[in-house]
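Coordinate analysis (summary)
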Amino acid sequence: MDLVTLAIAATPAFIASAVEFVEATTIVLAVGITRGWRAPLVGTALAALTLAVIVVTLGVALVTVVPEKLLLGVVGTLLLLFGLRWLRKAVLRFAGIVALHDEEEIYRREVAQLRSQGLKKTEWDWIGTIVAYKAVLLEGTEVAFIVIAFGAKGVAAMNAAIVGAIVAGIIVTAIAAALRHPLTAVPENWMKFGVGAMLSSFGVFWFGEGIGAEWPGDAASIPIILGVFLAASWLAARMLRWLLPEGARVEARNV
Amino acid sequence: MFSALRGIWDNTYGLLVDDGQLAVGAIVALAITWLVASSGTDAVRENAGWLLLALVVVLVVANLYRAGRNARRRIS
């Protein structure tokens, strides 16, 4: 696979993973700045190791053991469920019905909570390690899922998805380390909206392939499917604005 | 350990299901498409992907409309 093809194949996993890394980085930064860096870095490294084991065992098993048609059907189903969830939430946020994800607020809350727990200088900071481990593992589970889903088409796709996720992790971590501040400037909702539409499109495409449907131009249909999702979401956001011109800012689980 | 496993399970479930009705609706759309593709003619099977796309788009718009109505009811 040449570099350009690899970059194109890795882009969906890169964008989707970057959103998750931003969220994990906010928590690790909060731990590092309030309690010192050793413990959260160890927690992060342990979580990364756990995730690597999950991706390698599950990903390789899926790609090599499960029959292709069944795999496409299962992965298409999972991608569709996962993508629709992101798409729905992003549209509700654009329409002002659900509040936007606020990294700054999450960071402040986390810092206050960590400071209230105190720190003894002589002991290993287990709280810092566990908080960082949990944050990276939980957000990273989504990254692992994204990598496995985008990589399910075969070994080359799996490699591209892994590269995309790793590059996203390196870039987000490097920027956060340089700024020492949560990445509030990242347009998270736009990214989630785009990724939600993209994952849903891949889900429809692969499930279709799994049940024997023929797509005109094969993968060239994906941009058309994506366009349909984007247009429908835009219409839905307009409809919600018409229903609730002032927005609502209610909890996502209440709508 | 138990809480970590519970956290992983909650997160994995949360990965796929945010709104139960949307998730169930998507599964029903997938099932309808699979049934139509497996019981129809070759031409029907070959075009089943577009049926799935249409079902899912209608589902998303209807689900968001319902969410908007629910939110309006909550704040009024």
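Rules and cut-offs
Residues numbered from 1 in each chain as written. Chains lettered and ligands numbered in written order. Predicted model: local features only at pLDDT ≥ 70, side-chain atom pairs only at ≥ 80, totals over all residues. Heavy atoms only, no water. Phe/Tyr/Trp six-rings, centres within 6.5 Å; stacked < 30°, edge-to-face > 60°. Helix = DSSP H or I, 4+ residues; strand = E, 2+ residues; numbered from the N terminus. Buried < 20%, exposed > 50% of the residue type's maximum accessible area, 1.4 Å probe, protein only. Expected span 1.5 Å × (residues − 1). Axes fitted to C-alpha atoms, helices over the stretch in contact; angles between N-to-C directions. Parallel < 35°, antiparallel > 145°, perpendicular 65-115°, else oblique. Left-handed = near helix turned anticlockwise from the far one by under 90°. Contact = heavy atoms within 4.5 Å.

Bringing the packing of aromatic side chains into the picture now. Residues and elements named next belong to chain A. By the definition in use, this model includes nine aromatic pairs over all chains. Relative to Phe145, the ring of Phe82 has its centre 4.8 Å away and its plane inclined at 80°; by these criteria the two rings are edge-to-face. One end of the pair, Phe82, is in helix α3 (residues 68-94); the other, Phe145, is in helix α5 (residues 126-151), with 63 residues separating them in the sequence. An identical accessibility class is assigned to Phe82 and Phe145; each is buried. A centroid spacing of 6.2 Å and a plane angle of 85° characterise the contact between Trp190 and Phe193, whose relative ring orientation is edge-to-face. Note that Trp190 and Phe193 are positioned in helix α7 (residues 188-210) at a spacing of three residues, about one turn of the helix. Residue classification places Phe193 among the buried residues on the basis of a relative accessible area of 11%. Three or more aromatic residues link up through ring pairs in this structure, and these residues are Phe82, Trp86 and Phe145.

Once that is clear, we can look at helix α1 (residues 3-35) of chain A. Look at α1(A): only 41 Å from first C-alpha to last across 33 residues, short of the 48 Å you get at 1.5 Å a residue. Taken from the residues just after α1(A), A:Gly36 is the one with a positive phi, measuring 95°.

This next bit is on the packing of α7(A) against helix α8 (residues 222-243) of chain A. Residues and elements named next belong to chain A. Here α7 crosses α8 at 130°, and the two axes come no closer than 9 Å. One way to sum up the angle between α7 and α8 is to call them oblique. With respect to the hand of their crossing, α7 and α8 are arranged in right-handed fashion. Between α7 and α8, the residues in contact are Phe193, Ala197, Met198, Ser200, Ser201, Phe202, Val204 and Phe205 and Ile222, Ile225, Leu226, Phe229, Leu230 and Ser233, respectively.

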